[in-house]
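The chain contents come next:
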Amino acid sequence: MIERRKARRIALEVLYQKDILGNSIDEIIRVRRLVKERGEIPKFAVRLVSGVEKRQNEIDKIIKEYADNWTLDRMSPIDRNIIRIGIYEMIAEKDIPISVSINEAVELAKIYGSLDSSKFVNGILGQIAKERRSLEDI
């Protein structure tokens, strides 16, 4: 559990850098390996980042559907990427219960987001889970 939590944190940092700097995922990961982390990035983090990147259009469409009165550009990059990770897990990581994905996203929002980020993230992901009961619907 701690390893996956660390992997989610790293995935968030990589996706945030991509949003802010516009660098490719491969470049960000390469630099992290050389400079910041001094080693391998957890496979789960790479899987999350790669999955979000590959399915970003699909994920962003879901966000737009559930984020009433919020455009993607209006959301903070932290909140936007936490939600992307949460939705990706809900779609693709069948071994992780949806409630765990939501709880982990909320915890990331508490640490890295603003005062209201955890409520915002929980609201969107919770609504998706509530209205789209089966994973096939997500």
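That block above? That's the structure.
Just so it is clear, the model here is predicted, and its values are computed rather than measured. (Residues numbered from 1 in each chain as written. Predicted model: local features only at pLDDT ≥ 70, side-chain atom pairs only at ≥ 80, totals over all residues. Heavy atoms only, no water.)

S.K.: Can you walk me through empty space enclosed by the protein in this structure?
M.R.: One simple way to see leftover space: roll a probe sized like a water molecule over the atoms. For the coordinates displayed, the defined rule picks out one cavity of 30 Å³ or more. Put simply, the largest cavity is a space of about 30 Å³. Surrounding the largest cavity, Leu 15, Lys 18, Asp 19, Val 52, Gln 56, Asn 81 and Arg 84 form its lining. Elements with a contribution of two residues or more to the lining of the largest cavity: helix 1 (2-21) and helix 5 (77-92). Per element, the largest residue contribution to the lining of the largest cavity is three residues, and it comes from helix 1. The residue inventory of the lining of the largest cavity, partitioned by class, reads two nonpolar, two polar and three charged. (1 Å grid on protein atoms, 1.4 Å probe; cavity = no way out; pocket = protein on both sides within 12 Å on 5 of 7 lines; lining within 4 Å. Points joined across faces, edges and corners; volume = space filled by probe spheres on them. Helix = DSSP H or I, 4+ residues; strand = E, 2+ residues; numbered from the N terminus. Nonpolar A, V, L, I, M, F, W, Y, C, P; charged D, E, K, R; others polar.)

S.K.: Could you clarify how one ought to interpret the packing of aromatic side chains in this entry?
M.R.: Two measures describe an aromatic ring pair: the distance that separates the ring centres and the angle between the ring planes. Within the structure shown, the criterion is met by one aromatic pair. Aromatic side chains Trp 70 and Phe 120 sit 5.0 Å apart centroid to centroid with 55° between the ring planes, which places their arrangement in the tilted category. Remark: Phe 120 occurs in helix 7 (residues 117-131) and Trp 70 occurs in the loop between helix 4 (56-66) and helix 5; sequence separation between them is 50 residues. The positively charged end of Arg 74 is found above the aromatic ring belonging to Trp 70, 3.9 Å away from the centroid. (Phe/Tyr/Trp six-rings, centres within 6.5 Å; stacked < 30°, edge-to-face > 60°. Lys NZ or Arg CZ within 6 Å of the ring centre and 35° of its normal.)

S.K.: I would appreciate a short explanation of helix 6 (residues 98-112) in the present structure.
M.R.: Given 3.6 residues per helical turn, the α-helix brings residues three or four places apart onto the same face. Across its 15 residues, helix 6 extends 21 Å between first and last C-alpha, which sits within 8% of the 21 Å expected from 1.5 Å per residue. Here helix 6 has its buried residues at Ser 101, Ile 102, Glu 104, Ala 105, Val 106, Leu 108 and Ala 109. Buried residues belonging to helix 6 abut helix 1, helix 5 and helix 7. (Expected span 1.5 Å × (residues − 1). Buried < 20%, exposed > 50% of the residue type's maximum accessible area, 1.4 Å probe, protein only. Contact = heavy atoms within 4.5 Å.)

S.K.: Just to check I follow, could you spell out the side chain of Asp 79 for this structure?
M.R.: Tracing the sequence through the fold places Asp 79 in helix 5. One buried charge, Asp 79, has no salt-bridge partner; the nearest side chain with opposite charge is Arg 80, at 9.0 Å. (Lys, Arg positive; Asp, Glu negative; His and termini not counted. Salt bridge = Lys/Arg side-chain N within 4 Å of Asp/Glu carboxyl O.)

S.K.: I tried to follow the pattern of salt bridges on my own but got confused; where do I start?
M.R.: Here the idea is simple: oppositely charged side chains can pair when their charged atoms come close. Considering all chains together, one arrives at eleven salt bridges under this definition. Across the pair Asp 19 and Arg 80 runs a salt bridge, and its minimum N-O distance is 2.8 Å. Linking Asp 19 in helix 1 with Arg 80 in helix 5, this pair joins segments that are 61 residues apart in sequence. A relative accessible area of 29% places Asp 19 in the partly exposed class. Judged by its relative accessible area of 10%, Arg 80 falls in the buried class. The salt bridge partner of Arg 55 is Glu 58, with a shortest N-O separation of 3.0 Å. Look at the salt bridges and you will find they share partners, linking Arg 5, Arg 8, Glu 89 and Glu 104 into a network.

S.K.: Is there a simple way to explain a nonpolar patch on the surface in this structure?
M.R.: Residues Tyr 16, Ile 20 and Leu 21 make up a contiguous nonpolar surface patch of about 280 Å² in total accessible area. As for its position among the elements, Leu 21 is in helix 1. Looking at Leu 21, the relative accessible area reads 53%, which means it is exposed. (Patch = residues over 30% accessible without salt bridge, like charges linked within 9 Å, V, L, I, M, F, W, Y side chains within 5 Å. Areas by Shrake-Rupley, 256 points an atom, 1.4 Å probe, with all protein chains shown as cover.)

S.K.: Could you clarify how one ought to interpret the packing of helix 1 against helix 5 in this entry?
M.R.: A pair of packed helices can be characterised by two numbers: the angle between their axes and the separation between those axes. Between helix 1 and helix 5, the shortest axis-to-axis distance is 9 Å and the interhelical angle comes to 125°. For the element pair helix 1 / helix 5, the angle class is oblique. The element helix 1 and its partner helix 5 pack so that their crossing is right-handed. Contacts between helix 1 and helix 5 involve Arg 8, Ala 11, Leu 12, Leu 15, Tyr 16, Asp 19 and Ile 20 from the former and Pro 77, Ile 78, Arg 80, Asn 81, Ile 82, Arg 84, Ile 85 and Glu 89 from the latter. Looking at the contact of helix 1 with helix 5, its residues break down into nine nonpolar, one polar and five charged. (Axes fitted to C-alpha atoms, helices over the stretch in contact; angles between N-to-C directions. Parallel < 35°, antiparallel > 145°, perpendicular 65-115°, else oblique. Left-handed = near helix turned anticlockwise from the far one by under 90°.)

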